[in-house]
Structure formats: structure tokens, C-alpha cells
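As a plain string of letters, each chain reads:
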Amino acid sequence: QQEFLPFFQMGSNVIWDTMPYLAWSARAFSMVKQGVTPPTVAELSYDTPLWNSCLFRNDTQLTYFCPALIRLGITTVGALLEDDSNFDLIAPSWRPIYRDAIQRLTKPACPAVEATDSLPLSVWCQWTSVKMVNHLGLVGAEPPRQPGEVWKAFFDADFPTPHCDTIYQALWKKLPVGERLRSWLPGEVGCPLDGASESILHSVSTCKFLPAAYDTVDKCFPVNGQGEQPRASTIIHSRPLQSLTSPQGILAWSAFIASWTARGMAKRDSSETVSWSGFLTLWIAVVQLWA
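1. Regarding the confidence of the model for the protein
Averaged over all residues, the pLDDT of the protein is 76; the fraction at 70 or higher stands at 68%. Predicted confidence for residues 1-19 stays below pLDDT 50, and this span has 40 contacts to residues more than four positions away or in other chains. Every residue in residues 107-128 scores below 50 in pLDDT, and together they form 50 contacts with partners more than four places removed in sequence or on other chains.

2. Quick word on the packing of helix H7 (residues 161-172) against helix H12 (residues 247-268)
Look at H7 against H12: their axes get within 11 Å of each other, and the N-to-C directions meet at 100°. The orientation of H7 with respect to H12, classified from their angle, is roughly perpendicular. Facing His 163, Thr 166, Ile 167, Ala 170 and Leu 171 of H7, the residues of H12 in contact are Trp 253, Phe 256, Ile 257 and Trp 260. A per-class count over the contact of H7 with H12 returns 7 nonpolar, 2 polar and no charged.

3. Here's the deal with empty space enclosed by the protein
All told, the structure shown has 1 cavity of 30 Å³ or more when counted by the stated rule. Estimates place the volume of the largest cavity at around 30 Å³. Forming the walls of the largest cavity are Pro 176, Val 177, Gly 178, Leu 181, Leu 185, Glu 188, Arg 263 and Lys 267. Tallied by class, residues from the lining of the largest cavity come to 4 nonpolar, 1 polar and 3 charged.

4. A short note on a positive patch on the surface
The grouping of Arg 145, Lys 173, Lys 174 and Arg 180 at the surface amounts to a positive patch. Among the structural elements, Arg 145 can be located in the loop between helix H5 (130-136) and helix H6 (148-157).

5. A look at the packing of aromatic side chains
Inspection of the entire model under this criterion finds 14 aromatic pairs. Seen in terms of ring centroids, Phe 154 and Tyr 168 are 5.7 Å apart; in terms of plane orientation they differ by 55°. Their pairing is tilted. Of this pair, Phe 154 sits in helix H6 while Tyr 168 sits in helix H7, placing them 14 residues apart in sequence. Look at Phe 154 and you get buried, because its relative accessible area is 2%. A ring pair is formed by Trp 253 and Phe 256, whose centres lie 5.6 Å apart and whose planes are at 80°; its orientation type is edge-to-face. Pair noted here: Trp 253 and Phe 256 are both in helix H12, with a separation of 3 residues, about one helical turn. A residue is classified by how much of its surface remains accessible, and Trp 253, at 1% relative accessible area, is buried. Among the aromatic residues, ring-to-ring pairing joins Trp 151, Phe 154, Phe 155, Phe 159, Tyr 168, Trp 172 and Trp 290 into one connected group. The ring of Phe 87 has Arg 99 lying over it, and the distance from NZ or CZ to the ring centre is 4.0 Å.

Conventions used here
- Residues numbered from 1 in each chain as written.
- Predicted model: local features only at pLDDT ≥ 70, side-chain atom pairs only at ≥ 80, totals over all residues.
- Heavy atoms only, no water.
- pLDDT = per-residue confidence, 0-100.
- Contact = heavy atoms within 4.5 Å.
- Axes fitted to C-alpha atoms, helices over the stretch in contact; angles between N-to-C directions.
- Helix = DSSP H or I, 4+ residues; strand = E, 2+ residues; numbered from the N terminus.
- Parallel < 35°, antiparallel > 145°, perpendicular 65-115°, else oblique.
- Nonpolar A, V, L, I, M, F, W, Y, C, P; charged D, E, K, R; others polar.
- 1 Å grid on protein atoms, 1.4 Å probe; cavity = no way out; pocket = protein on both sides within 12 Å on 5 of 7 lines; lining within 4 Å.
- Points joined across faces, edges and corners; volume = space filled by probe spheres on them.
- Patch = residues over 30% accessible without salt bridge, like charges linked within 9 Å, V, L, I, M, F, W, Y side chains within 5 Å.
- Areas by Shrake-Rupley, 256 points an atom, 1.4 Å probe, with all protein chains shown as cover.
- Salt bridge = Lys/Arg side-chain N within 4 Å of Asp/Glu carboxyl O.
- Lys, Arg positive; Asp, Glu negative; His and termini not counted.
- Charge placed at Lys NZ, Arg CZ, Asp CG, Glu CD.
- Phe/Tyr/Trp six-rings, centres within 6.5 Å; stacked < 30°, edge-to-face > 60°.
- Buried < 20%, exposed > 50% of the residue type's maximum accessible area, 1.4 Å probe, protein only.
- Lys NZ or Arg CZ within 6 Å of the ring centre and 35° of its normal.

In C-alpha cells, the structure reads:
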């Protein structure tokens, strides 16, 4: 092992049986087998990328990089040192680690890399994944999945623990549906309940029992006065804030949870058929739990 230990600059206080040591040992061994010669700190200069894993490491051999700096085009040690306020963007517990690591560098600074639509691959270490390059190369942050007021309303709603995560995934558009998992499970893109192409829209709006369930919700909240009352399916999919702050929306979410539960039952056992009465039993149980 000694031949590749310099790759991650092992400290005297490293715990040998922890995941940081084991993971970096495996990665270092892989790079050595490929003929990659790891740099030493003495060989690094001020044009060292801020995600350099040999330099920026804490006492337990964990690493950290600051995406906020990367997106501002501050990609090297030299660029970081141009303005001391740049350190304010780094997590507080890592600021002294960054300052101490930079003091160990001896070579002069190079011109900073200017911000572009995507950072050139050449400025990344050889062991950094292309997927991470593309993600951090974005100058502007990706748009949020939901506005801040939606997330506040979600946490204020205080859904019970068994269902809180599922609603969070639906709002985050991260439900593990067939269309999202197509590349991993190409044979399971259909909905376990009705066989339709399983997208997030299908799961929250048009899955087997939901149209009838949402129609029932709509009948519970008739239009009062002038104006058209939006349908429950529209509220769930297109008006997340209203769905989390109105009785109609909360009841619609309970129907979705019942549908997602039935979907899980069918997925675990393809021979199990969930009937409308079975769905109603699940729905009533969810409503009773939320009451």
C-alpha cells in the first residue's frame, strides 16, 4: 500500500478502518494502476483547483469544496486569494483548513480562470467525474424545484412521518417512477397499477384511482360565488402552494398517498390486484392518520 498512500497525504491521526481511508485507498490504488503519478503538496501552485483532494483535507481525511465559489468562476487558489471576502462563502468549519492548506503552497499565483458557460475539463483533476464537471461548470445556480414559500408551507403542514418523505419527493419531482428509472430498469417503466407509462405527472394526477378520487374531492369543495374552482388534480400538479395550504389540496394529497401505497403493494407482488374498495380502505386509513 505504501506506494499509493502519498496520493491522499495520509496524516498521523488517520483512523485506518474508516470509510475515508478505505475509499481513498481504493481510488488511489486504481489511479496508480493506471500510471497516474499523484502530486505532492510541494509540487502544487496557486493555480491548484479548489477541489484538489490532496491539499484540502481535514484531520479525519475528509474533503470539501465550495460550489458557490466554483459557480462564480473562482476555481483556483490564486483566484480565491484575490479577495479575502471569498473565504466567507466557504463553510465556517473549513475556512481555517483552507487558509492553513494554502500557506503550505510555495509557487506563485497564476491568472484566475474566467467564468464561462462551462469550465474546461483541463482545470479538473484527472479523477473527477465528467458529471460533476458539468454540474459545477454552471455559472448560475439551477432553478429551484419549488419556490421557497412552497417548502415553508410543506414543513408547516407537518405531514406524518410515514408520508412526509413521499410528498417531499413529489414536490421535488424525485419520485422513483418508471420513466426516471428507465436507464436502470428498462423493463419496469410501466405503472404497476394500470400499466401506463409511469411519469411523475401520471403518478400524482392520472394513476388508476386518482381521477375518481380527485373528482370526489372536488365534489366536497363546490364553487362558492363567482369564479371557477380549480380541480384537485390541477392543484396537486400545478399549484403546489395552494395544495399545501387548502383543505382541498390536503385531502387531494391524502388520495395521492393512498394511490402511492397501492402502487407499492402492486409493485412488490404483481399478482396482487388492488380494487377500488381496497383503495378506499387505504385512503380512509390515511385520512384517519392525518386527522
